[in-house]
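Letter by letter, the chains look like this.
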Amino acid sequence: MLPADSELGLRDRAMTPLPKGQVFIVILMQLTEPISATVIFPFINQLVLSTGITGGDEKKSGYYAGIIESVFFLSESLTTMLWGHASDRYGRRPVLLLGPLGLAIVTSLFGLSTKYWTLIVFRSLQGVFNGNLGVSKTVLAELSDATNMATAFSFTSVMWQVGVTIGCSLGGVLSNPADHWPQSPMGRSPLLRNHPYLLPCAITGIISFFIFLVAFTGLKETRVGHDPNVLESPSCASFVPSQCTTSASMKRKKRMCLHNIYWPGTKKGAKDLGILGTTELEDGPTPQYGSTVQYYPTISRPRSTSEETLVGIQDYDRPKNAEMQRTISFRTLLTSEDVLRPLSSLALLSFLETSISVLIPITYTTSVANGGLGLTAMQVGSLLSIGGAVSLVFSAIGIPPLIRYFGIWKMHFVGMSALIVGFSCIIMASLAAKRAGYADELTWTFVMIQYASYIILPLGFTTAQMFVVNGAPSRDALGTTNGMVQSARTLARTIAPVCVMSLFSISKEQNLLYGQLSYVVCLLITICGLRNVLKLPRELSRL
């Protein structure tokens, strides 16, 4: 942060323009996770029953559906840290490109599976190829600064809602075409009759491959030193005689030069050192993002404001050995409250968001006699698509101004609180349907309120990610920090489906709390999450 900006509030500072092309590609790559994760939600109950693993018992489908949904996030959490390390060492671009390419293949194979164990295998591989998405958040942090980070990370929520909308639409509308459109070419296709859930999975694979092609042609490297167009700043001592670098005056001048490298708004120190090219720096054109203009790489390489924010002078002498960097980063991250508190908040939010996401389809498609709403897969897919579309508009238009005006902490609290309304409304909707014998007007009223609360949930994720970036100890640790956070998120998403779906089946079989045990447990966890939010800082100290 520039000294002149340190006294200004976030609302008083002009917003720095984002590199739109690169941001678009990065957020487009984030689309693969929600589509592949949610495309199975509308038909997961019927898919599990079709494998014969439950013996035809509808009440047991929750156990096996929860396992399928959990292994996706389990394999993602186990590989996220590895992807993060690889991006710190080999660059962001190659790591990001592997994800959608592999996902295009394994998602199509998932749709061809008819055995329960093959569903588990290919669902796990889907999670592996989604494990690199923590790197995309690192790239967003490297492309943004304090004035535009809320906008940049709000796109993450936007892409999640777009993906949920697309995934649920594909799964609800395109599944089992032989029943939905028996006279159409798809309905008469022997392949789609034998594999009724192949079509939505194949379309998901095609989308992933298209995203790979876009990224392959347009994505640039943002990790310094891993791309010929991005030059790492050499030692400042290289610009002065080597025999003078140990003197007190040269050490002072070296510090001044470092100030200019990391905070290029001041140029006096560069002049004092007599660095050639100072005139070009003052009078020459201002380099843009991705520029290859070559004056002196120390000065000419454009640095995003996030680098000014997240990199301190002490990072100049960071260890050159990659293994030593990772050891220091882990020690720092595992003992830093600035990282652990927002990480725990984000993990709880991910657990609860995943819980409500998997409970909605199975509750809505379960028969009214067994405590559900008795809706079809197409009805559920349509509901999830409409809800996702409305949430998408809110994420794109509403989140950035709300955060800028009301502050990050307040909006994070609101995002977490929305889950209390959501889980309560699911309970009331199922009870109303059971009392009436069908999904009556009162039932649909609670469904609408539940979706209204679900719309503002992205506020919690956007603000939590900003807390994480603020807590990163240095720019070199940013990739590992986001990898660790992504691992925590995916671990929470791993635990959530198998836990809440098992509770769902147990509560229905044993009629615990009138079959509402899973929702009540989620309400209690939400209250614990709100207590954790109270411990977060009210303002960001490093952005």
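Residues numbered from 1 in each chain as written. Predicted model: local features only at pLDDT ≥ 70, side-chain atom pairs only at ≥ 80, totals over all residues. Heavy atoms only, no water.

**Observations concerning the overall build of the chain**
Okay, step 1: Across its full length, the chain carries 25 helices and zero strands.
Okay, step 2: Every one of the 543 residues in the chain was classed for burial, and the buried ones make up 57%.
Okay, step 3: For the chain, the proportion of contacts with a sequence separation of at least 24, taken over those separated by at least 6, is 80%.
Okay, step 4: Taken as a whole, the chain presents about 22000 Å² of accessible surface, with 65% of it coming from carbon and sulfur. (Helix = DSSP H or I, 4+ residues; strand = E, 2+ residues; numbered from the N terminus. Buried < 20%, exposed > 50% of the residue type's maximum accessible area, 1.4 Å probe, protein only. Contact = heavy atoms within 4.5 Å. Areas by Shrake-Rupley, 256 points an atom, 1.4 Å probe, with all protein chains shown as cover.)

**A word on the environment of Ser345**
Okay, step 1: If you trace the backbone, Ser345 turns up in helix 19 (residues 337-365).
Okay, step 2: The class of Ser345 is buried, set by a relative accessible area of 0%.
Okay, step 3: Taking the C-alpha atoms as reference, Ser345 lies 6.6 Å from Val533; in sequence the two are 188 residues apart.
Okay, step 4: In this structure Ser345 touches His412, Met416, Asn532, Val533 and Leu536, once residues within four positions along its chain are discounted.
Okay, step 5: A polar atom in the side chain of Ser345 sits 2.6 Å from the side chain of His412. (Polar contact = N/O pair within 3.5 Å; in protein donor to acceptor, adjacent residues only side chain to side chain.)

**Looking at helix 22 (residues 441-455)**
Okay, step 1: Helix length check: helix 22, at 15 residues, gives a terminal C-alpha distance of 21 Å against a target of 21 Å (1.5 Å per residue), a fit within 8%.
Okay, step 2: Restricting attention to buried positions, one finds in helix 22 the residues Thr443, Phe446, Val447, Gln450, Tyr451, Ser453, Tyr454 and Ile455.
Okay, step 3: Elements in contact with the buried residues of helix 22: helix 19, helix 20 (377-406), helix 21 (408-436) and helix 23 (458-471). (Expected span 1.5 Å × (residues − 1).)

**Focus: the side chain of Thr365**
Okay, step 1: Looking at where Thr365 falls in the secondary structure, it is placed in helix 19.
Okay, step 2: Since its relative accessible area comes to 11%, Thr365 is described here as buried.
Okay, step 3: Here Pro361 takes part through its backbone oxygen, which lies 2.8 Å from a polar atom of the side chain of Thr365.
Okay, step 4: Apart from the residues within four sequence positions on either side, Thr365 is in contact with Pro42, Asn45, Glu58, Leu375, Thr376 and Val380.

**Quick look at the pattern of salt bridges**
Okay, step 1: Taken as a whole, this structure holds two salt bridges when the rule is applied.
Okay, step 2: Arg92 is the salt-bridge partner of Asp88, the closest N and O atoms lying 2.8 Å from each other. The exposure classification of Asp88 matches that of Arg92, with both residues buried.
Okay, step 3: Between Glu142 and Arg92 there is a salt bridge, with its nearest N and O atoms 2.7 Å apart. Placement of Glu142 in helix 7 (residues 133-143) and of Arg92 in helix 5 (residues 92-112) is noted, with a sequence separation of 50 residues between them.
Okay, step 4: On the basis of relative accessibility, which here comes to 5%, the residue Glu142 falls in the buried class. (Salt bridge = Lys/Arg side-chain N within 4 Å of Asp/Glu carboxyl O.)

**Notes on the nonpolar core**
Okay, step 1: Of all hydrophobic cores here, the largest spans 115 residues; its most connected members are Ile40, Ile68, Phe110, Tyr364, Leu419 and Phe423.
Okay, step 2: The element best represented in this core is helix 19, accounting for 13 residues.
Okay, step 3: If near-sequence neighbours (up to four positions away) are discounted, Leu419 is found in contact with Leu349, Leu352, Ile356, Leu457 and Thr526. (Core = buried A, V, L, I, M, F, W, Y, C linked by side-chain atoms within 4.5 Å.)

**Regarding the confidence of the model for the chain**
Okay, step 1: Mean pLDDT for the chain: 74, with 74% of residues reaching 70 or above.
Okay, step 2: Ranking the helices and strands of the chain by mean pLDDT puts helix 12 (residues 198-218) first, with 92, and helix 17 (residues 305-310) last, with 34.
Okay, step 3: Note on residues 228-329: pLDDT under 50 across the span, and 142 contacts to partners over four residues away in sequence or across chains. (pLDDT = per-residue confidence, 0-100.)

**Some details on unusual backbone geometry**
Okay, step 1: One non-glycine residue, Asn511, lies in positive phi territory at about 55 degrees.
Okay, step 2: Inspection of the secondary structure assignment puts Asn511 in the loop between helix 24 (478-510) and helix 25 (517-533).
Okay, step 3: Residue Asn511 is classed as partly exposed on the basis of its relative accessible area, which comes to 45%.

**Let's talk about the packing of aromatic side chains**
Okay, step 1: In this structure the tally under the stated criterion is six aromatic pairs.
Okay, step 2: Their ring planes at 15 degrees and their centres at 4.6 Å tell us that Phe43 and Tyr197 sit as a pair that is stacked. Remark: Tyr197 occurs in the loop between helix 11 (190-194) and helix 12 and Phe43 occurs in the loop between helix 2 (32-38) and helix 3 (44-51); sequence separation between them is 154 residues. Across this residue pair, the class does not change: Phe43 and Tyr197 are buried.
Okay, step 3: Here Phe212 and Phe216 contribute two aromatic rings whose centre-to-centre distance is 5.9 Å and whose plane-to-plane angle is 35 degrees, an arrangement assigned as tilted. Highlighted residues: Phe212 and Phe216, both in helix 12, separated by four residues, approximately one helical turn.
Okay, step 4: With a relative accessible area of 13%, Phe212 lands in the buried category.
Okay, step 5: An aromatic cluster is built from Phe209, Phe212 and Phe216, whose rings are joined through pairwise contacts.
Okay, step 6: Of note, Arg93 hangs over the ring of Phe216, and the distance from its end group to the ring centre comes to 5.6 Å. (Phe/Tyr/Trp six-rings, centres within 6.5 Å; stacked < 30°, edge-to-face > 60°. Lys NZ or Arg CZ within 6 Å of the ring centre and 35° of its normal.)

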